[in-house]
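Commentary on secondary and tertiary structure
Spelled out, the chains give:
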Amino acid sequence: MSVHSKKEQVQTLREQGFVVVPGLVSPERCRALKQIAQQQLQLAVAPLEFEADLRYPGAPESKYAPGGHTVRRLLDAYARHPGFHEWACAPEIKSWMTLYFGEQPYLSRAHHNCMMTKHPAYGSLTGWHRDMRYWSFERDDLVSVWLALGPETVNNGGLWFVPQSHDAALTASCFDEAKFFRSDLPDNQALIQTAVSPELHMGDVVFFHCKTLHSAGKNLSDEVKFSLVFTYHGASNAPLPGSRSASLAEVKL
Ligand SMILES: O=C(O)CCC(=O)C(=O)O
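Residues numbered from 1 in each chain as written. Predicted model: local features only at pLDDT ≥ 70, side-chain atom pairs only at ≥ 80, totals over all residues.

1. Considerations on the site of the ligand
Rule in force here: In this text, near has one meaning. A residue is near a molecule or strand if its C-beta atom, placed using the backbone, is within 6 Å of it. Under the scheme used here, helices are H or I runs from DSSP no shorter than 4 residues and strands are E runs no shorter than 2 residues, and both carry numbers assigned from the N terminus. Under the convention adopted here, Pro, Cys and the residues Ala, Val, Leu, Ile, Met, Phe, Trp and Tyr are nonpolar, Asp, Glu, Lys and Arg are charged, and Gly plus all remaining residues are polar.
Around the ligand, the surrounding shell consists of Met116, Lys118, Thr126, Asp131, Gly157, His214 and Ala216. Among the elements of the structure, β5 (114-118) and β10 (214-216) are those that each provide at least two residues to the shell around the ligand. Along the lines of polarity and charge, the residues of the shell around the ligand split into 2 nonpolar, 3 polar and 2 charged.

And the structure:
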């Protein structure tokens, strides 16, 4: 289903917990962003997150194991390159977020704020989770923007979402110690079975809520998958003082 106006997109996000906006970013801009990322990946420009840091399923055991230096994320994308922060603060993002939050939007530099670089070998899968599990704000109301810089499918580790899960009352017992949604529980399995994996093309954007359950598989293709991801909140929903969410200055759009 294609969702035309911003108002309809915001409405779909409110109802489903995510919305795909096809072709929001031009192929030229996407190619330029991907080229920056490829260069920075090749030069291993810090700060980086390695697969071996997280050790999700499929990741190398340690930095010294084969594939130990596989980069999962180029961190602090906002500060890495003007091309990245121009997209993060683009007028179309500002107007979208203003419509959604109904107030001045802010970019959080503490969360996402990265270029995901999912590698074919040693790129791990990410279990079911809600992003807000480690985030600390006055309210659980933040929206992330995932820009695909190339095709994203089940085969190369594209995202899966459980529609309407942002509204589901899920108790702590639904999650494990690391706050992953437990796929061994029958009630959880019933929800997971309703998940969808929208196929993305270069320039497509997914807006998703911080309470939407999502996961992603391994990259079974032979190319690195690049996705640029930023997170936003409204002015009245401040990060809690002293928390990791408050560790980096917010950016007013
Ligand atoms: O690409 C992935 O493996 C999942 C990314 C994700 O779910 C996240 O960063 O919250």
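2. Re unusual backbone geometry
Selection criterion: Whether a residue is buried, exposed or partly exposed is read from the other C-beta atoms within 10 Å of its own C-beta, which are placed from the backbone; 20 or more gives buried, 12 or fewer gives exposed, and intermediate counts give partly exposed.
Cis geometry is adopted by the peptide bond preceding proline 47, which originates at alanine 46 and carries an omega value of -5 degrees. Within the secondary structure, proline 47 is located in the loop between α2 (27-42) and β2 (48-50). Despite not being glycine, alanine 44 shows a phi value in the positive range, around 50 degrees. Relative to the helices and strands, alanine 44 is located in the loop between α2 and β2. The exposure class assigned to alanine 44 is exposed, which follows from the 11 C-beta atoms found within 10 Å.

3. Looking at the environment of proline 241
Locating proline 241 in the fold gives a position in the loop between β11 (225-234) and β12 (251-252). Owing to 8 C-beta atoms within 10 Å, proline 241 belongs among the exposed residues under this scheme. Proline 241 sits 103 residues away from glutamate 138 along the chain, and the two C-alpha atoms are 10.0 Å apart.

4. A few points about the environment of valine 10
Under the convention used in this document: This entry defines residue contacts through backbone-placed C-beta atoms, with two residues in contact when those atoms are within 7 Å.
Summarising the element assignment, valine 10 is placed in helix α1 (residues 6-16). C-beta crowding within 10 Å serves as the criterion here: with 20 such atoms nearby, valine 10 is assigned to the buried category. The residues contacting valine 10, other than those within four sequence positions of it, are Leu99 and Tyr100.

5. Concerning the sheet that holds strand β8 (residues 159-161)
In a beta sheet, neighbouring strands pair by backbone hydrogen bonds and run either parallel or antiparallel. Note the following rule: A pair of strands counts as paired when DSSP detects no fewer than two bridges linking them. Interaxial angles span 0 to 180 degrees and are taken between N-to-C directions of axes, which are lines fitted to C-alpha atoms, for helices over the stretch in contact.
Read across the open sheet, the 3 strands follow the order β6-β10-β8; overall the sheet is antiparallel. Of all the strands in the sheet, just β6 (126-129) and β8 have a single pairing partner and so form its edges. Within this sheet the neighbouring strands show an average axis-to-axis angle of 15 degrees, counted without direction.

6. Some remarks on the pairing of strand β9 (residues 205-209)
Within β9, 5 of the 5 residues are buried, leaving the element largely enclosed by the surrounding structure. Side chains Val205, Phe207 and His209 project from β9 onto one buried face, and the interleaved Val206 and Phe208 project onto a second face that is buried too. Examined bridge by bridge, strand β1 (residues 18-21) and β9 share 4 bridges and lie antiparallel to one another. By the bridge assignment, valine 20 is partnered in β9 with valine 206. By the bridge criterion, 5 bridges tie strand β7 (residues 142-148) to β9 in an arrangement that is antiparallel. Looking across to β9, one finds that valine 143 is bridged to histidine 209.

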